[in-house]
Amino acid sequence: MNRGGPPEADRSDANATLSSVAPGLPESDWGYRLREQRDTLAAFVGFAVMFSIYIGNHPAGLTANVLTTASNKGVLLALVAMAQTFAVLTAGIDLSVGMVLVLANCLASYIVVGSGLTTALGVAGVLLTGLLCGAINGAIVIFGRLQPIVVTIATGAIYYGLALALRRVPGGDVNDSLAGALTGQLAGGVPASIVALLAVVIVVWLPFRRSVIGRAAYAVGSSEIAAYMSGVPVRRAKFVAYTLSGLLASMAGLFVTFITYSGEASAANGSTYTLYSIAAVVLGGVSLFGGSGSAIGAVFGALMFRTIGDLLFVFNLEPLWQPLFQGVVLLVAVCLGSARLFRIRNRLDLFS
Amino acid sequence: MTTLQLKRVIGQADPAIATAFGCIVALLLVGSLYSSSFLSPEYLLQQLKVASFLGVIATGMMIVILLGQIDLSVPWVVAVGGMMSTAATGWGPAGELLAIPFGVACGVGLGLVSGVGVAYLRVPSMIITLAVNAVAQGLMVVHTGGFSPQDSSSEAMRYIATGHVLFGVPNALLVWALIGGAAVYLLARTTFGRAVYAIGNRERAAYLSGVDTQRTVVIAFAIAGGLSAFGGVLLAGYASKAAQAMGDPYQLPAIAAVVLGGTSILGGRGRYLGTVAGVILITLLQSILSVMQIEEFGRHVIYGGVIIAMLLLYGREQWVR
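Residues numbered from 1 in each chain as written. Chains lettered and ligands numbered in written order. Predicted model: local features only at pLDDT ≥ 70, side-chain atom pairs only at ≥ 80, totals over all residues.

### A short note on the overall build of chain A
What chain A contains, in helices and strands, is 15 helices and zero strands. Considered along the principal axes of its C-alpha atoms, chain A spans approximately 85 × 55 × 40 Å. By residue count, 45% of the 352 residues in chain A fall in the buried class. A fraction of 77% describes how many contacts in chain A between residues 6 or more apart in sequence connect residues 24 or more apart. (Helix = DSSP H or I, 4+ residues; strand = E, 2+ residues; numbered from the N terminus. Buried ≥ 20, exposed ≤ 12 C-beta atoms within 10 Å, placed from the backbone. Contact = placed C-beta atoms within 7 Å.)

Encoded structure:
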C-alpha cells in the first residue's frame, strides 16, 4: 500500500475497491466455481452439440431405441475414462485399464451366471478382482518407486495373460435378466445404462472428490513435493486412486459382458480401450499433467468421442473412411487445447 | 589387476547397463540348461537378426524418451513404413528403386506432425502421438480398402532384411549396427545430441542456454518416425509382405527395451549401449519363452513379471522428501 503517493488518494482507492467487492461477493464466488468447472462444462457443451447433430441427422430421430444404443456404447467408454481419470489426476497414468477390462470380461463370462445369489457373488468377485489389479498397480508404483507408465504396461501384459488363461477361445455366458436389465430401458424409455452410470458417479466419484483422500489426489497431481510438505497423505492418495481405477475398469469389463453376452481375451480390444480412455480424458478437460479436471468431464469426453465415431454413419459416408475421420477429429481436438498459447506473454512460460 | 582398479572399473560401469547385460547372460544360462543349442552361434546370430528390427525401432524411441517425451504411434507408423514401401514397389522399376526411401519418408512425415504438435502446439506427446497413430491407421485403412495396393516387398527390401554378405552375418544386423553407430555419434558427439539430453533434463534451462529447443524436438520426433517406418520396411522385407497389424507387437517392447536399458523415462539420462542390451534382453526373453513351449498366456504373465522384476532391481527412484 505504501507507494509514496498521496495517502488520501490511496485510502479512497482502497475504500472504493472494498465497497465494490463486498456486495459482489456471492457473484465472484459463483464466477470462481464456474471457472473451476470450465473444462467440464466445455466437454458437456461439446458433447451436447455433437449429439444434437447426430440426432438431427439420424434417420429414426430421437427414439428410445436410438438413445439406448448410443447410451450403452457411451457408458462403456465413460466407465473406462473414469478409471483413467483417477490415475491421471495424480499426474500418473494407467495403461492397464484396457487389460483389466478384458480380464474382468473373461472372468464375468464364467462367474456372473446362475441364480440371483450366485450372480451377485459373481459381480462382487469381478469387482474385487478389478480392485485387486488396481491395488497391485498402486503398490508397485508407490513402494517400487517406478514410473506408472512402464509399471502399468508390464502389469497390463500380466492381466492380459491371466485373461487368456481364462478364455483361450471366446465364449461363456452371463445372467440374461441382469444383462437385459442393465442394457435395456427403464419406464419411460430412459436407458438403464445411463442411470447405472449416474449411480456409479454418485457412489464412487462424488464421495472420493469430497473426501480428504480425493483432495489429496488433486494435491499430489499439482505438486507431489508441495503436497508432501503440507502433510498430505501422498502415498495413501495415490494408492486409493490406482485401486479405484482398477475398480472402474472392472465395472467396464462387466458391462462389456452384459452387452456381448460372452467373454473374449482380445489384446486389440484391450489396447483400443486404453487408447480411447486417454483420448476421452483429454477431451473431457482432465489435464494429463495432473491436478485438474474431474471424472464428470471425462464422462462427457467419452460420450463426445463415441458420438464423433457415430457421426459418419448418419452422414452416409463410407465406413472405410471412419477410422481416418475419427483420427483427424481427435488430432484437431487435441490441438484445440493449444489455443491457450495465445494468452502466454512470456516465452519461458511455454516450457513450464 | 588390483582390487582398487577392479573397484574403479565396476564403479564406472553404469549399474543399469551392467545389470541388463548380466540378465542377458543369466537368460542364456537358463536357456542352455534347457537345450545346448541356446549357446550355438547360429541361434545367437538368428536372435540378433530378429533383435535388429526391434533395435531400429527402439533407437527412435530412445531419442524421444531422452527428451522426456514418449512415442505411442509406433504400431501404425511401422505399418505405414511397410505398406507404403511395398505399394511403391508396385509402381514399376522406378518405384522399386524408391521403395525404401519412400517408406521412410512417410514415417518422417508422420513424425514431423507429432513433433510440431509437441514442440509448437505444446500438446502432451502421449496424446498427440496417439492421435497421429489413429490418423495413420485411418490412412492405411483407406489405402488398402480403396486402392488394393501391392503388398509384396521389393528385392532390395528382402536383401537388407534376410540376406547376409560376410561370414554369415545377417544384413539386418549390419543395418542395425550402422543405425546404432549413427545414433551414438548423434547423441554423444553433436550439438543436437547435447541439446536432446539438455531438453530432457530441463527444457527451460536448455532454452535459456540458447538451444532452439522447439526445432530439436521436431527433428527428434521426425527421426523417431523415420526409424519406426524403416523398421516397418525391414519387417516387410523379412516377411516379404506388409500387413495392417504388423506394427502392433512392437510398441510395448520398444518402450520396455529402452527403459530396461537404464534410460530414464523422465528424460535426460541414458546411453545407447543400454538400449542395445534392452533390445537383446527382450528378444531373448521372448525367444526362450516360445522355445520352452510355454503357453501364450504364460508368456504374457512371465514377460510382464520379468520386466517389473528387472525394473525393481535398478529402476527405482528416490522417495519424495
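There is more to say, and it comes next.
### Digging into the overall build of chain B
Secondary structure summary: chain B contains 14 helices and zero strands in total. Starting at the N terminus and ending at the C terminus, chain B contains elements arranged as α-α-α-α-α-α-α-α-α-α-α-α-α-α. In terms of overall dimensions, chain B is globule-like: its C-alpha atoms have a radius of gyration of 20 Å, near the 20 Å expected for 321 residues. Considering only C-alpha atoms, chain B reaches an extent of 65 × 55 × 40 Å along its principal axes. Across the 321 residues in chain B, those meeting the buried criterion constitute 51%. A separation threshold of at least 6 residues defines the contact pool for chain B, and within that pool the share at least 24 residues apart is 76%. (Rg over C-alpha atoms; globule rule 2.2 N^0.38 Å.)

### Structural notes on the interface of chain B and chain A
Contacts between chain B and chain A engage 45 residues on the former and 45 residues on the latter. Looking at the side of chain B that touches chain A, the elements that each hand over two or more residues are helix H6 (125-147), helix H10 (203-208), helix H12 (251-260) and helix H14 (296-314) of chain B. Among the elements that line the side of chain B that touches chain A, the one with the most residues is H6(B), at 15 residues. Of the residues that constitute the side of chain B that touches chain A, the class distribution is 29 nonpolar, 10 polar and six charged. (Nonpolar A, V, L, I, M, F, W, Y, C, P; charged D, E, K, R; others polar.)

### Some details on the confidence of the model for chain A
For chain A, mean pLDDT is 86; residues scoring 70 or higher make up 92% of the total. When pLDDT is averaged over each element of chain A, helix H12 (residues 234-260) of chain A comes out on top at 96 and helix H1 (residues 7-21) of chain A at the bottom at 44. (pLDDT = per-residue confidence, 0-100.)

### Things to note about helix H8 (residues 171-189) of chain B
All names here are of chain B. The end-to-end C-alpha distance of H8 is 26 Å, a good match for the 27 Å that 19 residues give at a rise of 1.5 Å each. For H8, the complete set of buried residues consists of Asn171, Ala172, Trp176, Gly180, Ala183 and Leu187. On the buried face of H8, the contacting elements are helix H3 (41-66), helix H7 (155-162), helix H9 (191-201), helix H11 (213-239) and helix H13 (272-291). (Expected span 1.5 Å × (residues − 1).)

### Structural notes on H3(B)
At Ser52(B), H3(B) shows its largest bend, some 30°. Of the residues trailing H3(B), Gly68(B) is marked for its positive phi of about 85°. (Bend = angle between axes of the 7 residues up to and from the residue.)

### A look at the packing of helix H2 (residues 15-34) of chain B against H13(B)
Residue and element names in this part refer to chain B. It is the contact of H2 with H13, at a shortest axis distance of 9 Å, that shows an interaxial angle of 25°. Judged by the inter-axis angle, H2 sits roughly parallel to H13. For H2 against H13, the interelement crossing comes out left-handed. Together, Ala16, Ile17, Ala20, Phe21, Cys23, Ile24, Leu27 and Gly31 of H2 and Leu273, Gly274, Ala277, Gly278, Ile280, Leu281, Leu284, Leu285 and Ile288 of H13 make up the contact between the two elements. Within the contact of H2 with H13, the residues separate by chemical class into 14 nonpolar, three polar and no charged. (Axes fitted to C-alpha atoms, helices over the stretch in contact; angles between N-to-C directions. Parallel < 35°, antiparallel > 145°, perpendicular 65-115°, else oblique. Left-handed = near helix turned anticlockwise from the far one by under 90°.)

### Observations regarding the environment of Val218(B)
Residue and element names in this part refer to chain B. Relative to the assigned elements, Val218 resides in helix H11. Residue Val218 is classed as buried on the basis of its C-beta count, with 21 C-beta atoms lying within 10 Å. Put simply, Val218 and Leu97 are 121 residues apart on the chain and 28 Å apart in space, counted from C-alpha to C-alpha. Leaving out residues up to four positions away in the same chain, Val218 has contacts with Leu112, Gly115, Val116 and Ala119.

### Quick look at the nonpolar core
In summary, soluble globular proteins display a tendency toward joint burial of nonpolar side chains. Counting 203 residues, the largest nonpolar core has Leu79(A), Val80(A), Leu103(A), Ala252(A), Val299(A), Ile57(B) and Val80(B) as the members making the most contacts within it. Broken down by element, this core gets its largest block of residues, 16 residues, from H12(A). Setting aside its immediate chain neighbours within four residues, Val80(A) contacts Val97(A), Leu101(A), Ala249(A), Ala252(A), Tyr273(A), Tyr276(A) and Ser277(A). (Core = buried A, V, L, I, M, F, W, Y, C linked by C-beta atoms within 7 Å.)

### Overview of unusual backbone geometry
Residues and elements named next belong to chain B. Unusually for a residue other than glycine, Ser240 sits at a positive phi of about 55°. If you trace the backbone, Ser240 turns up in the loop between H11 and H12. With phi around 55°, Gln293 is a residue other than glycine that occupies positive phi space. By secondary structure assignment, the location of Gln293 is in the loop between H13 and H14.

### Details of the confidence of the model for chain B
For chain B, mean pLDDT is 88; residues scoring 70 or higher make up 93% of the total. Reported confidence for the predicted complex is 0.82 by ipTM and 0.85 by pTM.

### Topic: the environment of Ala229(B)
All names here are of chain B. Topologically, Ala229 is positioned in helix H11. For the pair Ala229 and Gly107, spaced 122 residues apart in sequence, the C-alpha separation works out to 4.9 Å. Residues contacting Ala229, with those up to four places away along its chain left out, are Val77, Val78, Val80, Gly81, Gly103, Val104, Cys106 and Gly107.

### Structural notes on the packing of H3(B) against H13(B)
Residue and element names in this part refer to chain B. Here H3 crosses H13 at 135°, and the two axes come no closer than 9 Å. In terms of axis orientation, H3 runs oblique to H13. Note on packing geometry: the crossing formed by H3 with H13 is right-handed. Of the residues in H13, those in contact with Gln47, Val50, Ala51, Leu54, Gly55, Ala58, Thr59 and Met62 of H3 are Tyr272, Thr275, Val276, Val279, Ile280, Ile282, Thr283, Leu284 and Ser287. Here the contact of H3 with H13 is built from residues that sort into 11 nonpolar, six polar and no charged.

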